[in-house]
Amino acid sequence: MKRAIEQILMMGGAAALIGCADNSVTDPRPRSSELQPSSVISDAVHSSGKPHFYFLPPMVSNPTTAGTFDPVLSPSVQICVMSAATCATTMASYSMTSGSDGERVTLTDGQYQVNWHTDVFNLDATKTYRITVLVGDVTLGYADVDVVESGKELRNVNTNEYIPLLDGRTLPIKFRVESGFLSRIDVVPLASTIGVGNTQQYIANLYDLHGAALTGIPVTWASNNTAVANVNQSGLATAASDGQATISAAAAGVMGSATLTVRSGVVTTSAGYFHTCALATTGGTHCWGYNSDGQLGVSTLGFFATPQAVSGGHSFISLAIGYLHSCGLQTDGSVWCWGEGGYGTLGQSAFASSSLPVQVGGGHTFRSITAGAYYTCGLDLGGAAFCWGYNGYGSLGTGDNVNHSTPTAVTGGYTFKVLDAGTFHACGLTTANQLICWGYNFQGQLGIGTFNNAVPPYAVANPTPVIGGHTFASIGVYGFNTCGLEASGAAYCWGYNAAGGVGNGTYGSDVNTPTAVSGGLNFTELFTGLSYHVCARATSGDVYCWGYNGFGGLGLGFASWSVPTPTLVSGGDQWATITTGIYHTCGITTSGAAKCWGYGAYGQLGTGNFSNVSVPTPVLGGLTFATP
């Protein structure tokens, strides 16, 4: 018996006939409802399919295309039997090197093609078959095919575009893939924990089929549990209540997601030169350690080995700690700073210190802040960067070496996703996935391929792109080093390496371009500060540190003065967050304990004494820290 295969499309077009002499297909009679075709096609012009992928004649009418054909892919085609709207059994597979019936995908005249010889397969008129085109595990598009008994059954469909095919004939499956096809969206951070009322800034990194970053594609942000957290269309999530929410970014039929856990009273910690601050469950801010200039937020100067409540009664959602100053960001986007102000560090026109938090001037609304040694930077709601304070090494990115006492725009007109500051240099990841750095470059920490170590001020005062061709999903700036994580979790670092801070297994020579961290680990998050060491969370959830260990700041004991490769922090704790001071480290565990280790001579460990400790040790003071 003569048998036909029907391709039903969701947009208008012309009928195409392959190997069929039954002219009745051009004037079909009404078909009974139980025989209505269930087929659908998904490509750039049908069924809201993905841009830059097109099925071609004879399967469909010739589409209008505007992009550039991508000839260096290795697509595959799979044909399966559908069941309950999913592929149940794969009956044929074709790649560019092999195929089920000896056919393979070929590249000819700006298109890919494979021939499906139906005489090899026993098609069932009661089944629907799906033709799926893939690159790797990424689905580009698909077309469903219904089997009918005769061409007369081809009617009463949504459009006039279909392919009747007699049993035993060949269907040429032709398609076009263009450059710029969106294959993956990575949302970072992949997993995070914040407290009720706090915010988490998410970034969506988009990639094509070659793994290259894509820009200029708008994404739509959403939360699957708005009772727990909402997210705006800039990717800023706000925690509403305890629980867990999936934060997603979608574009062009592709979605990426991250997990946000919200726990009441979750705190953040931030370590500076010789002091540490944290947000407590009560909503107040507490600091401990060295208080030479009021950086602890208390008027009595000296050393404090237990947490002290910062004066002023402010409720901050995040902290940024420098050498001798501290800053907090409130929910309304205002920034308040306290401590040493002689360089304009506190963001006020008066170059004066204050133990009481004072509001940074300029009238900006910030979404995030970060602090260097004697300066602070912030991103406003639009992603513009502003810095203030000490600028002797070009740390403010303002194109000069003059101190600025109020927020001053970073030059270059960049729009940043994230911003992070080291001792005297800063870096930002732009919305175009470009890493830009500025400031002190004596050790090569800007990653621009040079050492500015011949002529003072040994710096680059204007933002400059990092070289090396990497696309980083997240960054961490610490001390005199910079690190970046690729979407795969691979870590790269550069800068000061006398103590192994680059993490490449060597000591000695500084590094001025991104260099792979050794050890074979993949990471999801970097923990950095004004330190000579860095820590990172591996995909296993464990935290590893590397770099200077002279006072036990790596949490590994005192066995070695430094460690040039990632090494597991001792104690068996699971960490919600970590912060690194110049020679010490503090963190909050998933069980809710605040712990510190390393150099403790100024009380910055909060352990009640002024001793160094080389393993995570509980912070005293009776404060309750929430379980992340």
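Residues numbered from 1 in each chain as written. Predicted model: local features only at pLDDT ≥ 70, side-chain atom pairs only at ≥ 80, totals over all residues. Heavy atoms only, no water.

Ile 173 and Phe 175 are the most contacted members of the largest nonpolar core, which has 32 residues in total. Beyond its immediate sequence surroundings of up to four residues, Ile 173 is in contact with Met 59, Val 77, Ile 79, Tyr 112, Gln 113, Val 114, Trp 116 and Ile 131. Listed in part, the 29 residues of the second largest apolar core include Leu 429, Val 460, Ala 490 and Leu 526. (Core = buried A, V, L, I, M, F, W, Y, C linked by side-chain atoms within 4.5 Å. Buried < 20%, exposed > 50% of the residue type's maximum accessible area, 1.4 Å probe, protein only. Contact = heavy atoms within 4.5 Å.)

Note on placement: Val 543 falls in strand β43 (residues 543–548). Between the alpha carbons of Val 543 and Phe 523 there is a distance of 9.1 Å; along the sequence they are 20 residues apart. Once you skip the residues sitting within four places of it in the chain, Val 543 turns out to touch Phe 527, Cys 535, Ala 536, Arg 537, Thr 567, Leu 568, Val 569, Trp 575 and Ile 578. (Helix = DSSP H or I, 4+ residues; strand = E, 2+ residues; numbered from the N terminus.)

What follows concerns the pairing of strand β35 (residues 435–440). Look at any regular strand and the pattern is simple: side chains alternate between the two faces of the sheet. In terms of residue burial, β35 counts as a mostly covered element, since six of its six residues are buried. Here strand β34 (residues 425–430) runs beside β35; their pairing, made up of five bridges, is antiparallel. By the bridge assignment for β35, Leu 429 is matched with Leu 435. As defined by bridge partners, β35 adjoins strand β36 (residues 459–465) across four bridges and the pair is classed as antiparallel. What sits directly across from Tyr 440, in β36, is Ala 459. (Pairing = 2+ DSSP bridges.)

Taken in spatial order, the four strands line up as β45-β46-β47-β48 in an open sheet, and their pairing is antiparallel. Strands at the two margins of the open sheet, each flanked by one partner only, are β45 (575–580) and β48 (613–618). The sheet shows a mean angle of 20° between the axes of neighbouring strands, direction not considered. With five bridges connecting them, strand β46 (residues 584–589) and strand β47 (residues 594–598) associate as antiparallel partners. Bridging from a neighbouring strand, Gly 587 pairs with Lys 595 of β47. (Axes fitted to C-alpha atoms, helices over the stretch in contact; angles between N-to-C directions.)

Before going further, it helps to spend a moment on the state of the cysteines. Counting across every chain of the model gives eight disulfides. Across a sulfur-sulfur distance of 2.0 Å, Cys 377 and Cys 387 are joined as a disulfide pair. As the torsion about the S-S bond is roughly 105°, the Cys 377-Cys 387 disulfide counts as right-handed. Separated by 10 residues along the polypeptide, Cys 377 in strand β30 (residues 375–380) and Cys 387 in strand β31 (residues 385–389) bring together distant segments of the chain. As far as the burial class goes, Cys 377 and Cys 387 line up, both buried. The disulfide that involves Cys 535 links it to Cys 545, with 2.0 Å between the sulfurs. Taking the sign of the torsion about the S-S bond as the criterion, the disulfide between Cys 535 and Cys 545, at about 100°, is right-handed. Residue Cys 535 is located in strand β42 (residues 533–538), and its partner Cys 545 is located in strand β43; the two are separated by 10 residues in the primary sequence. Accessibility expressed as a relative area gives 0% for Cys 545, which makes it buried. (Disulfide = S-S within 2.5 Å.)

This part takes up the packing of aromatic side chains. Counting across every chain of the model gives 48 aromatic pairs. With centroids separated by 4.0 Å and ring planes inclined at 35°, the aromatic side chains of Tyr 273 and Phe 274 adopt a geometry described as tilted. What makes Phe 274 buried here is its relative accessible area of 7%. The ring centre of Tyr 142 lies 3.9 Å from the NZ or CZ of Arg 130, which sits over that ring. A cation over an aromatic ring shows up here: Arg 184 above the ring of Tyr 207, its NZ or CZ 4.2 Å from the ring centre. (Phe/Tyr/Trp six-rings, centres within 6.5 Å; stacked < 30°, edge-to-face > 60°. Lys NZ or Arg CZ within 6 Å of the ring centre and 35° of its normal.)

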